Every structure is written in structure tokens, then in C-alpha cells.
Number of protein chains: 2
Amino acid sequence: MDRFVSNSVLRLDAKGRVSIPASFRSVLTRDGFAGLFCYPALDQPAVDAGGHALLAEIEGLIARFPPYAVEREEFQVTLYGRSETLNVDGEGRVVLSEELKSHAGITDAVAFVGLGHKFQIWEPQRFRAHLAQATATVRKLTKRLGSERPASDDGARE
Amino acid sequence: MDRFVSNSVLRLDAKGRVSIPASFRSVLTRDGFAGLFCYPALDQPAVDAGGHALLAEIEGLIARFPPYAVEREEFQVTLYGRSETLNVDGEGRVVLSEELKSHAGITDAVAFVGLGHKFQIWEPQRFRAHLAQATATVRKLTKRLGSERPASDDGARE
DNA sequence: ATAATTCCCATGTTATCCCATAAAAATCCA
DNA sequence: TGGATTTTTATGGGATAACATGGGAATTAT
């Protein structure tokens, strides 16, 4: 598997270390990125994290604006300027900076959440609320999509 | 055969393991996916499961939305964030996570239900109810279709 | 020097590997 | 054809490895 999927809650130890879930670790290894690239999520109290695939996405985002465009600089500052590459210890653990922890409201435990090409790190309770909300929205949207195209997916209406 | 068809009920052992039906296993092997990709079904108390074909379906759903759109993120959390790739042991068994089991109400046995490109995992009794109800709906629909067009296939499964 | 960080090893728990067995299905063969 | 033999399946259980986590010692920064 070359994608980040599923979610799990892990605890920080007394030194502030937390294990990256083994399945995420293996994706990162395959991705070939040394360390963990991360930054505060733009519109959520969470940390965005990943490897080369995430970097590529950001590059693409920035490349949409011509060089020296004001927006381009703003994206660069916001994304590159606030990002950091955490190093991973021999046991697959990282320590989040104060910056990242306070942005996400993290204290003693975190939820790792796979999003395909990247993953997010949340304060567990906030994540549960976020997930419930997102799931509700998706249910509504798929129902609507389902009624538009009868033949395609078998999302099993009843 | 490269599709998941028919259904069968199997029991979980003391360690929570359950064999994937042999016919499904051979489809998965042909599909080439290592492990079993699955997630809680959006609008049913069941688990959706499969391999690359199912992943492709999810990708398609997400690709409908432009990058960085709010809806896209919501789909990613709901689908990637809640899905997991279970690994299959040498005997063709998987263990469902607590998350998946509680979503489907599974305790000590499951019904595997082929749906073509994917299959579902149900609590056996719930599945029987669901099947009865779905069959009734299909009968009505085929009757209506039958009166429109002379050549119909028979809707009499079960 | 002192605090913080990183490296290295220890440990409990959980999952997974490997082999065994019983039932069912497929195959063989007189 | 029909009964015996082999093969495939489902399931059980003990041994083993992986994982998350904790803590001391070494290293680096302040």
C-alpha cells in the first residue's frame, strides 16, 4: 500500500515522543523521505504531515501562480515558512514542536489520520468531532450523487 | 471469475479471526492487492471490502472534487481516514478492527456478500433482513420494467 | 555546567506466523 | 457409478515477531 489510510490514537511519553503508526511508517519509507515533513493545517486545528508526495502537492499549489505574484509569496510563507522536518528516531517516533502542538491543541495523545497522499495529526477528541461532521456531509453528498447517476455505483440505496 | 459473487456465513474464532471465502480470496489474488482493503459502508451497517477495484472507485469519488475543495477533504477523511488494509494470514484469514465490527454489529459470525467489484461483510441476521427487503424492492422494479419492455431477465433470486 | 535532545536497549502487549486437525469438496479408479 | 483417496477449506492453538512505550546513558546545544 502506498497510501496513508485508517486512523489510530497514540500517546505521547514523558519526553514528548510519539510513535508514528507502523503502517504510516512503511508508507514513508517507501516514499523515500527521510524524516517527517509537517506544518499546521491551513483551515483546521491539525498538523498536516507526509513525505515527498505532500511536498509535491504543495509545489503544485504554488506553481499555479506566476513567479513574484503576491499570492505565490503568501503561499510560500504560509506553507514552507511554517513547515518543519521532524526527525524520526530508531523506534519510529517524533516529537512535535510547541508550535504544532498548540495549533492542534495537542497535550498527551494524538490521533493519526490517513488521507491518502498525506496524513493529519489531531487532538483525539477534536478529531472525533471532525470525523462525525465530515461523515454526515459525505452521506448527504453521496445520496445526491447517487440520484443523479442511477447506473454507476452500487452505493445500495434502500 | 474476476468478480465477487454469492454469499456465505463464516464464524470468527477466539482470536477474532475469520476466513475470507476461498472464491473471494482467488478474486483478490487475481486483483493483485496485498491484504484486504475495507471501510465502514456509508449508508449501511456493513463493511465494504475489496482490492484495487474498490480503491479505484474511492479515488473516482474523490477526484470529482477539485483539489483543496472542502468537500474533497471531507471525502478523504471519511473514506481514507476510516478505511484500513487488513492483512491476510497464510490461511486466508483477517481480523476486523473493533471500529468495523461495531459499525456492522458483528460479534461472532459474519456474512460475506459478493457485489461484483467489491464485497460486503454483514452481521448474518442483519444481512438476511436486508436481503429480504432488497429483494422485495427489486421485484417491484422488475415488474415495472417488465411492463415497459417485453424482454426481461427474471428477478427471482433467493 | 545544565538542560535538552538523541541514541540505545528493555519490556509488556498484541498481532502474525506456522503447524495441526476436521469437515467438505473434488478427483480417481475399479 | 459409487466408494475410496486426495485436495481444498475452515478453524484451533502454541510459538514467535512486531509494536508501542519507558527509561538510562551518551551527545549536543545553551
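What counts, and at which threshold
Residues numbered from 1 in each chain as written. Chains lettered and ligands numbered in written order. Predicted model: local features only at pLDDT ≥ 70, side-chain atom pairs only at ≥ 80, totals over all residues. Contact = placed C-beta atoms within 7 Å. Helix = DSSP H or I, 4+ residues; strand = E, 2+ residues; numbered from the N terminus. Nonpolar A, V, L, I, M, F, W, Y, C, P; charged D, E, K, R; others polar. Pairing = 2+ DSSP bridges. Axes fitted to C-alpha atoms, helices over the stretch in contact; angles between N-to-C directions. Least-squares fit on C-alpha atoms with pLDDT ≥ 70 in both. Parallel < 35°, antiparallel > 145°, perpendicular 65-115°, else oblique. Buried ≥ 20, exposed ≤ 12 C-beta atoms within 10 Å, placed from the backbone. Near = placed C-beta within 6 Å. Arc of directions from axis to C-beta.

## Observations concerning the interface of chain B and chain A
- In this assembly, 17 residues from chain B lie in contact with 23 residues from chain A.
- Mapped onto the side of chain B that touches chain A, the elements with two or more residues apiece are α3 (70–80) and β5 (84–86) of chain B.
- Top contributing element to the side of chain B that touches chain A by residue count: α3 of chain B, with 7 residues.
- Taken together, the residues of the side of chain B that touches chain A break down into 5 nonpolar, 7 polar and 5 charged.

## So, the sheet that holds β5 of chain B
Residue and element names in this part refer to chain B.
- Overall, antiparallel pairing links the 6 strands, which are arranged β1-β7-β8-β4-β3-β5 in an open sheet. Sheet topology places β1 (7–11) and β5 at the edges, where each strand pairs with a single neighbour. The sheet shows a mean angle of 30° between the axes of neighbouring strands, taken without regard to direction.
- Examined bridge by bridge, strand β3 (residues 36–40) and strand β4 (residues 47–50) share 4 bridges and lie antiparallel to one another. Its bridge partner lying in β4, tyrosine 39 is registered against aspartate 48.

## Remarks on the sheet that holds strand β7 (residues 109–114) of chain A
Residue and element names in this part refer to chain A.
- One open sheet accounts for 6 strands, arranged β1-β7-β8-β4-β3-β5; its pairing is antiparallel. Two strands lie at the open edges of the sheet, namely β1 (7–11) and β5 (84–86), each paired on one side alone. Taken pair by pair, the neighbouring strands of this sheet meet at an average axis angle of 30°, ignoring direction.
- Summarising the sheet, strand β4 (residues 47–50) and strand β8 (residues 119–122) pair through 3 bridges and their orientation is antiparallel. If you follow valine 47 over to β8, its bridge partner there is isoleucine 121.

## Remarks on the relation of the copies chain B and chain A
- It takes a turn of 28° to lay chain B on chain A, together with a shift of 11 Å along the axis; the resulting RMSD is 0.4 Å.
- When the interface residues of chain B are mapped onto chain A, a mere 6% of them are again interface residues, pointing to distinct binding faces.

## Comments concerning the packing of helix α2 (residues 52–63) of chain B against α3 of chain B
All names here are of chain B.
- Between α2 and α3, the least distance of the axes is 9 Å, while the angle of their chain directions is 155°. The angle between α2 and α3 places the two elements in the roughly antiparallel class. Residues Ile58, Leu61 and Ile62 of α2 pack against Arg72, Phe75, Gln76 and Leu79 of α3.
- For the contact of α2 with α3, the per-class residue count stands at 5 nonpolar, 1 polar and 1 charged.

## Here we look at the environment of isoleucine 106 of chain A
Residue and element names in this part refer to chain A.
- Secondary-structure assignment places isoleucine 106 in the loop between α4 (98–104) and β7.
- Owing to 24 C-beta atoms within 10 Å, isoleucine 106 belongs among the buried residues under this scheme.
- Sequence spacing of isoleucine 106 and isoleucine 58 is 48 residues, and the spatial spacing of their C-alpha atoms is 24 Å.
- Residues within four places of isoleucine 106 in sequence aside, it is in contact with Leu96, Lys101 and Glu123.

## Considerations on the protein's contact with DNA strand D
- Close to DNA strand D lie 22 residues; Leu10, Asp13 and Ala22 of chain A together with Asp13 and Ala22 of chain B are nearest.
- Listing elements by their share of the surface near DNA strand D, those giving two or more residues are β1 and β2 (17–19) of chain A together with β1 and β2 (17–19) of chain B.
- Taken together, the residues of the surface near DNA strand D break down into 10 nonpolar, 4 polar and 8 charged.

## Notes on helix α1 (residues 22–31) of chain B
All names here are of chain B.
- Looking only at α1, the buried set comprises Phe24, Val27 and Leu28. The buried residues of α1 all sit within an arc of 100° when viewed along its axis, so they share a single face. Along α1, the residues that are exposed and aim more than 90 degrees away from the buried face are Ala22 and Arg30.
- Close packing links the buried residues of α1 with β3, β7 (109–114) and β8 (119–122).
- A positive phi of about 85° marks glycine 32, the residue just after α1.

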